[in-house]
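Listed below are the residues making up each chain.
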Amino acid sequence: IQSVDESCAIAWLAANAEPGSLILAGETAGNRIPAFANVRVVYGHPFETPNADEELAQVKWLFGASTDLAEASPVLESRGVDFVYFGPEEKALGPASWPEELTTVCTCGQVIIARVQAP
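To keep things clear, this report deals only with the structure shown in the data block. (Residues numbered from 1 in each chain as written. Predicted model: local features only at pLDDT ≥ 70, side-chain atom pairs only at ≥ 80, totals over all residues. Heavy atoms only, no water.)

## Concerning the overall build of the chain
Stated formally: A run of H or I in DSSP becomes a helix once it reaches four residues, and a run of E becomes a strand once it reaches two; helices and strands are each numbered from the N terminus. With C-alpha atoms as the basis for the radius of gyration, the globule rule is written as 2.2 Å multiplied by the number of residues raised to the power 0.38. A 1.4 Å probe rolled over the protein chains alone gives each residue an accessible area, and that area as a share of the maximum for its type sets the label: buried under 20%, exposed over 50%, partly exposed in between. In what follows, a contact means two residues having at least one pair of non-hydrogen atoms within 4.5 Å. Each accessible area value is a Shrake-Rupley result obtained with a 1.4 Å probe; residue values ignore everything except the protein chains displayed when judging cover. When charges are counted, Lys and Arg are positive and Asp and Glu negative, with His and the chain ends excluded. A single reference atom marks each charge: NZ on Lys, CZ on Arg, CG on Asp, CD on Glu.
Secondary structure summary: the chain contains 5 helices and 5 strands in total. In sequence order, the chain lays out its α and β elements as α-β-α-β-α-α-β-α-β-β. Rg of the C-alpha trace for the chain: 13 Å, near the compact-globule value of 14 Å for 119 residues, within the 12% margin. Across its three principal axes, the chain shows a C-alpha extent of roughly 30 × 30 × 30 Å. The buried share among the 119 residues of the chain stands at 45%. Summarising the internal contacts of the chain: among those between residues at least 6 apart in sequence, 55% fall at separations of at least 24. Entry remark: accessible area of the chain is about 6100 Å², with carbon and sulfur atoms responsible for 52%. Distance between charge centres in the chain, computed from 6 positive and 16 negative side chains, equals 3 Å.

Rendered as structure tokens:
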């Protein structure tokens, strides 16, 4: 079940992200976001994500314990990630706090949307 915070953040993406923007999110949110917003995700549905195992491993690494902004930035930029969806699921993957160091463009309770690249 999608929380009010998740619904709010996804609605913000639907209203504000350019169509086709690339979003980094955890497994559950990544599966839901494209259903409600005209955006792409690094990892979404396992049968619809090319190289799903590798993409999921990268998502887990980015939100993982040893990842800081200096490590994450080159990966995000090389992939062309526009926004990071950072909520309870992503926080549970590890203590990475680098998404909070980016420019927060939306806060919905426990979920933030952070911009990676300038528009």
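Next comes the rest of the description.
## Remarks on the packing of aromatic side chains
Convention followed: Only Phe, Tyr and Trp rings take part, Trp by its six-membered ring, and two of them pair if their centres are within 6.5 Å. Stacked means planes under 30 degrees apart, edge-to-face means over 60, and tilted covers everything else.
The final tally for this structure, using the stated rule, is 3 aromatic pairs. Centre to centre, the rings of Trp-12 and Phe-83 are 5.7 Å apart; their planes meet at 75 degrees, and the pair counts as edge-to-face. Here Trp-12 is found in helix 1 (residues 4–16), whereas its partner Phe-83 is found in strand 3 (residues 83–86), with 71 residues between them in sequence. Side by side, Trp-12 and Phe-83 carry an identical accessibility label, which is buried. Consider the rings of Phe-63 and Phe-86, whose centres lie 5.8 Å apart with planes at 20 degrees: the pair is stacked. Placement of the pair is Phe-63 in the loop between helix 3 (52–62) and helix 4 (69–79) and Phe-86 in strand 3, with a sequence separation of 23 residues. On the basis of relative accessible area, Phe-63 is assigned to the buried category, the value being 0%. Of the residues examined, Phe-86 reaches a relative accessible area of 2% and is grouped as buried. Through a chain of ring-to-ring contacts, three or more aromatic side chains come together here, namely Phe-63, Phe-86 and Trp-98.

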